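Report on the structure
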Amino acid sequence: MTSGFQAFMANLDGNGSPELVIANHDGTSNGLGIRYWTVYILPEPLNHPPQQPLQFTVEEYGKQGTFVQDGNNQFEIWTTQWSGGIIGQQWRYHSGRLIPTDHPILERWYSFNFEKERANTYRNPRIPYLWLATPKVQAHSEHPLLGTADIIGSADGVVQGVKMECVKNYISCIDKTTIIFKPNQGKSHAYSYNRTGYRYGLEEEETQSFAYFGDWSSRRIYPANYLPSNPNYWLNNRPCKLITYKRKVNDQSLFKILWLM
């Protein structure tokens, strides 16, 4: 099921010039009924010609619960994903990018009480923050996904280049992002950025792609489909680690994270 979008102006970084925020409902899953939204932020459209937007995907969205205004006339941006429960990370917006905060990553397990609460607040504009602003959450210093996997390969290197293209299929055009990773030892290799965040089950497929960008210093994983408004400036010549993980619960499930230093 897909339906609707929201658009509004907000001064996300508190500099006096508002950004344009567009949130599109991409679909709702069967069973648990997780709602997937893609969020686009256009930097200061009243002051600049149209630019490529910052974009990312969240699993649950509310205008006042994804963009939470604080007492300093700025906004905290909460990105969420489901994995046995709901995981929330807090960011600040700055110059077309998401900047990780010092706020701990929050995780709330899906209990019977949470199920009832979620059913009663499903359309509240303050979700998902409403579900996470409670003592019932568990705080983490690093993303919980890292605790469910073992490292089976790691390489230090640098991003040599970024290629963005639109690949045509039968009915439309699919955005494709490829990065050229140059390890400190060895030859450069092209990796496709799997922007859905989906973790492949087949090793030969996963070797050619990575699922997430990560911020090494904060141990935060950027949300699925994350791209800043100027990805070339953000990535080119950036020192990084490319780490391959194996899920502990399934020996065939592999995924890569490109950690940026």
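Here the structure is a predicted model, which means the values were calculated and not measured. (Residues numbered from 1 in each chain as written. Predicted model: local features only at pLDDT ≥ 70, side-chain atom pairs only at ≥ 80, totals over all residues. Heavy atoms only, no water.)

1. Quick look at unusual backbone geometry
Applied cut-off: A run of H or I in DSSP counts as a helix once it spans at least four residues, and a run of E counts as a strand once it spans at least two, with each numbered from the N terminus.
At the junction of Ile-127 and Pro-128, the peptide bond is cis and its omega measures out at 5 degrees in the coordinates. Locating Pro-128 in the fold gives a position in the loop between helix H2 (112-120) and helix H3 (129-132). Although it is not a glycine, Ser-95 sits at a positive phi angle of roughly 50 degrees. Residue placement: Ser-95 occurs in the loop between strand E7 (85-94) and strand E8 (97-100). The backbone of Asn-237 sits at a positive phi, close to 65 degrees, despite the residue not being glycine. Along the chain, Asn-237 turns up in the loop between helix H5 (231-235) and strand E17 (239-247).

2. Some thoughts on the packing of aromatic side chains
This is how it is decided: Only Phe, Tyr and Trp rings are paired, with Trp represented by its six-membered ring, and only when their centres lie within 6.5 Å; those with planes under 30 degrees apart are stacked, over 60 edge-to-face, the remainder tilted. Buried, partly exposed and exposed residues are distinguished by accessible area as a fraction of the type maximum, computed with a 1.4 Å probe on protein chains only: under 20%, between the cut-offs, and over 50%, respectively. Geometrically, a lysine NZ or arginine CZ counts as sitting over a ring once it is within 6 Å of the ring centre and also within 35 degrees of the ring normal.
Going through the model one piece at a time under the given rule, you end up with 18 aromatic pairs. Centroid distance Tyr-222 to Trp-234: 5.5 Å. Interplanar angle 90 degrees. Geometry classified as edge-to-face. Taken together, the residues Tyr-222 in the loop between strand E16 (220-221) and H5 and Trp-234 in helix H5 connect sequence positions twelve residues apart. For Tyr-222, a relative accessible area of 4% gives the class buried. Using a relative accessible area of 5% as the deciding quantity, one classes Trp-234 as buried. Pairing Tyr-245 with Phe-255 gives two aromatic rings, centres 5.2 Å apart and planes at 15 degrees, and the pair type is stacked. A residue pair is termed long-range when its members are at least 10 positions apart, and Tyr-245 in strand E17 and Phe-255 in strand E18 (residues 254-260) qualify at ten residues. Joined through ring pairs, the aromatic side chains of Trp-91, Tyr-193, Phe-210, Phe-213, Tyr-222, Tyr-226 and Trp-234 make up one cluster. One Lys or Arg, Arg-35, reaches over the ring of Tyr-122 and ends 4.0 Å from the middle of that ring.

3. Some remarks on the side chain of Thr-178
To keep it simple, the criterion reads: In what follows, residue pairs with any heavy atoms lying within 4.5 Å of each other are defined as contacts.
Locating Thr-178 in the fold gives a position in strand E12 (residues 173-183). With near-sequence residues (within four places) excluded, Thr-178 lies in contact with Gly-161, Val-162, Lys-163, Ala-190, Tyr-191 and Ser-192.

4. Concerning the pairing of E8
What counts here: What makes two strands pair is DSSP finding at least two bridges between them.
Where E7 meets E8, four bridges bridge the pair, whose relative direction is antiparallel. Directly across from Arg-92, in E8, lies its bridge partner Ile-99. Linking E7 to E8, which pair antiparallel, is a turn of two residues; within it Ser-95 sits at a positive phi near 50 degrees.

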